Amino acid sequence: MIPSKGSINLRIEAATRQLIDEAAAILGKTRTEFMIESARQQAIDVLLDQRLFALESQDHAAFMAALDNPPEPGPRLKALMRRVPTWQRED
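Residues numbered from 1 in each chain as written. Predicted model: local features only at pLDDT ≥ 70, side-chain atom pairs only at ≥ 80, totals over all residues. Heavy atoms only, no water.

Undergrad: A description of the pattern of salt bridges should follow, citing residues and the corresponding values.
TA: Using the criterion set out here, one finds 2 salt bridges in the structure. For the salt bridge of Arg31 with Asp21, the shortest nitrogen-to-oxygen distance reads 2.6 Å. Remark: Asp21 occurs in helix H1 (residues 14-26) and Arg31 occurs in helix H2 (residues 31-49); sequence separation between them is 10 residues. Taking relative accessible area as the criterion, Asp21 reaches 24% and is therefore assigned partly exposed. The closest approach of N and O atoms between Glu37 and Lys29, which form a salt bridge, is 3.1 Å. (Salt bridge = Lys/Arg side-chain N within 4 Å of Asp/Glu carboxyl O. Helix = DSSP H or I, 4+ residues; strand = E, 2+ residues; numbered from the N terminus. Buried < 20%, exposed > 50% of the residue type's maximum accessible area, 1.4 Å probe, protein only.)

Undergrad: Describe the packing of H1 against H2, with residues and values.
TA: It is at 9 Å that the axes of H1 and H2 come closest, and there the two elements cross at 95°. Relative to H2, the element H1 lies roughly perpendicular. Mapping the contact onto sequence places Arg17, Ile20, Asp21, Ala23 and Ala24 in H1 and Arg31, Phe34 and Met35 in H2. (Axes fitted to C-alpha atoms, helices over the stretch in contact; angles between N-to-C directions. Parallel < 35°, antiparallel > 145°, perpendicular 65-115°, else oblique. Contact = heavy atoms within 4.5 Å.)

Undergrad: Give me the lowdown on a nonpolar patch on the surface, citing residues and values where you can.
TA: Side chains of Phe53, Leu55, Phe63, Met64 and Leu67 sit close together on the surface and give an oily, nonpolar patch of about 450 Å² of accessible area. Considering the arrangement of structural elements, one finds Phe63 in helix H3 (residues 57-68). (Patch = residues over 30% accessible without salt bridge, like charges linked within 9 Å, V, L, I, M, F, W, Y side chains within 5 Å. Areas by Shrake-Rupley, 256 points an atom, 1.4 Å probe, with all protein chains shown as cover.)

Undergrad: Outline the environment of Ala66, listing residues and values.
TA: Among the secondary structure elements, Ala66 is positioned in helix H3. A sequence separation of 16 residues divides Ala66 from Arg82, and the C-alpha atoms of the two residues are 25 Å apart.

Undergrad: Run through the environment of Arg31, naming residues and quoting values.
TA: Residue class for Arg31 comes out partly exposed when judged on its relative accessible area of 31%. Put simply, Arg31 and Gln18 are 13 residues apart on the chain and 9.8 Å apart in space, counted from C-alpha to C-alpha. Contacts of Arg31, omitting those with residues within four sequence positions, involve Arg17, Ile20, Asp21 and Ala24.

Here it is as structure tokens:
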């Protein structure tokens, strides 16, 4: 039987803790709530990314063609990719 609750102990750098605290505060959450929800969502995303899906052969060919020939990035995507993420800035 799996216990209904358990604990996870983490050691993190002060800057990372501050980043988490700021994000949690913006959302009106505690650090624990924010970390649990974030980790849970990431776990769901990872698991969903591993799911198998089936396509008919014609749909599979179209899907593969789209993957092999993506559209050119537009100006908004190019601008976004040039930005330095907040967590990498040296303020």
